[in-house]
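Results of the structural survey
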Amino acid sequence: MLKKIDIIIILAILFTAVLLFFAFNSGGDGTEAVIEIDGKLYKTISLSEKDEYIIVLAANGIHIKISVKNNSIGFLQSDCTDKTCISFGMLSKAGQMATCLPARVNIRITGKKKIDAVTG
Amino acid sequence: MKTFKIISVILVITMFTFTLTGCISVNELTQTDYSMGAVVTQTVTAIHESNSTQAMQKVIEEINKLDNLISYRSKDSDIYKLNTQGFCEVDALVRRMFVISKGLWENTDGMFDITILPLVRLWGFDGDKPALPDKADIESTLKAVGLEHLNDDEGVFLLNDGSGVDLSAMGKGAACDVAVGIYKKYGIKSAVISVGGSVGVFGTKNGEPFLIGVRDPNDTSKIIGTLALSNKFVSTSGSYEKFFTDGDKLYHHIINPKTGYPTESGLISVSVICESGVASDALSSACFALGYADSLAVLKAYGAEAVFVTADGSIIITDGLKSVWKAE
């Protein structure tokens, strides 16, 4: 027969299991971004509410400013001709991606994805 | 006490299984490269990471090879040779693309035409500074456009003087086909490849379909909805991709081979879903030129489905997408 203490222990274990489950599975949803140059990792950025700064870089002869603020990241400015990169706006959801093609600079939000790719 | 011990052991085991399966999803790797003037992103899942890295490396090598075969810009390509010499014994892959494009040319009454290059050049859509050409120049250039200028002489393709072939309306889709072929060979569990706006989806995400977003043509930072796909290809053509304005008129890059001017079909974007990458890519251009009503028969002939976005912002999906489309 189960005693009171057994039930407490069982509940404690269950509680720990639930806690561990969430600890391992949270924090992956759009909290981190990677910047790649020529397809190689340049920087990993953690996105938080309080961080607000600008990353300045040059790649393939093109100067670029990337804005990090409000849990999101995006191209702010680029020397390139088409400015398509800026039109992608600020990214915050896992799986989102923006690219400056002439500079070969790519920003991706990592983590547990809701969307696996985008057509268009 | 014995019951308690058994229960405890079972609980502990369940607990660890739960936590572990939660954080270890089978090794998913992502790689970004540049080819065909576009970003190539691969996300591959395999039991062994080495399979994924080898497959992704092979894929980018083969896409580069394909680009060097079909790009009208690259001096060693079959298409460059054909365009400059007027003849070329083309690779089997190029021949296949010619065959597909001829079928589509016939099925669309000439609205999908790979001999569009002279017009693309006249408009400057092959470079950075497109501009409105003279009417007279458009009319004289139109004479060089039409698949009747390209002929197959027992494996050697012949092209009339002044004409030019441009396979860019189907190249990125063809690249997705190449990629999926390699994933199969390398024992990959599942993969998603995007080459510019063309996407190939191989396998499933642990039994569930992958979710592919369709870009909002009016705001490229957003999506208009998602498609739940497995083992399918999707490509999009839109007027927002490349355009310029002259006065208050917008001129986009998809030229009507009949009129020589950008197509005016009432659409701003079409995404086509089917079993072949090259067909999805070519069909998206064809449907963009044809407009909604005329596209339906062509889509049906190829077993394809589509998402249309009209100039007034309405989204129309074909019947086969009802269960996989989710508006944002």
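Residues numbered from 1 in each chain as written. Chains lettered and ligands numbered in written order. Predicted model: local features only at pLDDT ≥ 70, side-chain atom pairs only at ≥ 80, totals over all residues. Heavy atoms only, no water.

**As for the pattern of salt bridges**
Enumeration according to the criterion identifies 10 salt bridges over all chains in this entry. Linking R108 of chain A and E36 of chain A is a salt bridge whose minimum nitrogen-to-oxygen distance equals 2.8 Å. Here E36 of chain A lies in strand β1 (residues 29-37) and R108 of chain A lies in strand β7 (residues 105-111), a separation of 72 residues in the sequence. Across the pair, exposure class does not vary: R108 of chain A and E36 of chain A are buried alike. Between K249 of chain B and E264 of chain B there is a salt bridge; the shortest N-O distance is 3.7 Å. Within this pair, whereas K249 of chain B is found in strand β12 (residues 249-252), its partner E264 of chain B is found in the loop between β12 and β13 (267-274), the two being separated by 15 residues in sequence. What makes E264 of chain B exposed here is its relative accessible area of 70%. Salt bridges linked by common partners bring K58, E62 and K65 of chain B together as one network. (Salt bridge = Lys/Arg side-chain N within 4 Å of Asp/Glu carboxyl O. Helix = DSSP H or I, 4+ residues; strand = E, 2+ residues; numbered from the N terminus. Buried < 20%, exposed > 50% of the residue type's maximum accessible area, 1.4 Å probe, protein only.)

**Some thoughts on the confidence of the model for chain A**
In this model, chain A carries an average pLDDT of 86, and 90% of its residues clear a pLDDT of 70 or more. Ranking the helices and strands of chain A by mean pLDDT puts strand β4 (residues 62-69) of chain A first, with 96, and helix α1 (residues 4-25) of chain A last, with 73. (pLDDT = per-residue confidence, 0-100.)

**Some points on the packing of aromatic side chains**
All names here are of chain B. Per the counting criterion, the structure on display carries 9 aromatic pairs over all chains. Each ring, one from F244 and one from Y251, has its centre 5.2 Å from the other, and the planes form 20°; the classification is stacked. Taken individually, F244 and Y251 each receive the classification buried, so the pair is uniform in this respect. Members of the aromatic cluster, each reached through a chain of ring pairs, are W123, F125, F244, Y251 and Y261. (Phe/Tyr/Trp six-rings, centres within 6.5 Å; stacked < 30°, edge-to-face > 60°.)

**Thoughts on the state of the cysteines**
What the rule picks out here adds up to 0 disulfides over all chains. Looking at C80 of chain A, it has no disulfide partner, and the nearest cysteine sulfur is the one in C100 of chain A, 3.7 Å off. (Disulfide = S-S within 2.5 Å.)

**Some points on the nonpolar core**
Ranked by internal contacts, the top residues of the largest apolar core, which has 66 residues, are F98, L167 and Y183 of chain B. Residue contributions to this core peak at 9 residues, all from helix α8 (residues 277-290) of chain B. Those residues in contact with Y183 of chain B, other than ones at most four positions away along the chain, are Q42, V44, A55, V59, I188, A191, I193 and F202 of chain B. If you look at the next biggest cluster of nonpolar residues, it comprises 24 residues, including L47, I66, C100 and I107 of chain A. (Core = buried A, V, L, I, M, F, W, Y, C linked by side-chain atoms within 4.5 Å. Contact = heavy atoms within 4.5 Å.)

**Focus: the interface of chain A and chain B**
In many analyses, interface size is given as the accessible surface area lost on bringing the parts together. Facing the 34 residues of chain A at the interface are 38 residues of chain B. At the boundary of chain A with chain B, total buried surface from both sides reaches about 3,300 Å², with 63% on carbon and sulfur atoms. Counting across the interface, chain A meets chain B through 1 salt bridge. Put simply, D116 of chain A and K205 of chain B hold a salt bridge, and the shortest N to O gap is 3.0 Å. (Buried area = accessible area lost by both parts, 1.4 Å probe.)

**Regarding the packing of helix α2 (residues 49-70) of chain B against helix α7 (residues 171-185) of chain B**
For any two helices packed against each other, one specifies the crossing angle of their axes together with the interaxial distance. Residues and elements named next belong to chain B. Relative to each other, α2 and α7 sit at 145°, their axes nearing to 9 Å. For the pair α2 and α7, the sense of crossing is right-handed. Note on element contacts: α7 touches α2 through G171, A174, A175, V178, A179, I182 and Y183, opposite A55, K58, V59, E62, I63, L66 and I70. Taken together, the residues that form the contact of α2 with α7 break down as 11 nonpolar, 1 polar and 2 charged. (Axes fitted to C-alpha atoms, helices over the stretch in contact; angles between N-to-C directions. Left-handed = near helix turned anticlockwise from the far one by under 90°. Nonpolar A, V, L, I, M, F, W, Y, C, P; charged D, E, K, R; others polar.)

**What to know about helix α4 (residues 92-107) of chain B**
Residues and elements named next belong to chain B. Its 16 residues give α4 an end-to-end C-alpha distance of 23 Å, which sits within 8% of 22 Å, the value for a rise of 1.5 Å per residue. By the burial criterion, the buried members of α4 are V94, M97, F98, I100, S101 and L104. Measuring from the backbone nitrogen of L93 back to the side-chain oxygen at the start of α4 gives 2.9 Å, which picks out D91 as the cap. Within two residues after α4, D109 carries a phi angle of roughly 50°, on the positive side. (Expected span 1.5 Å × (residues − 1). Polar contact = N/O pair within 3.5 Å; in protein donor to acceptor, adjacent residues only side chain to side chain.)

**Focus on the environment of D109 of chain B**
Residue placement: D109 of chain B occurs in the loop between α4 and α5 (117-123). As for D109 of chain B and K300 of chain B, which are separated by 191 residues in sequence, their C-alpha atoms are 16 Å apart.

**Structural notes on the side chain of N256 of chain B**
In this fold, N256 of chain B is placed in the loop between β12 and β13. Not counting residues within four places of it along the chain, the set of residues in contact with N256 of chain B comprises M111, L119, Y261, P262 and T263 of chain B.

**Description of helix α3 (residues 78-85) of chain B**
Residues and elements named next belong to chain B. Among all positions of α3, only D78, I79, L82 and N83 are buried. For α3, the angular spread of the buried residues around the axis is 130°, confining them to a single face. Elements in contact with the buried residues of α3: α2, β3 (87-89), α4, α5, β4 (150-153) and β5 (156-159). Positive phi appears at G86, one or two residues downstream of α3, with a value of about 90°. (Arc of directions from axis to C-beta.)

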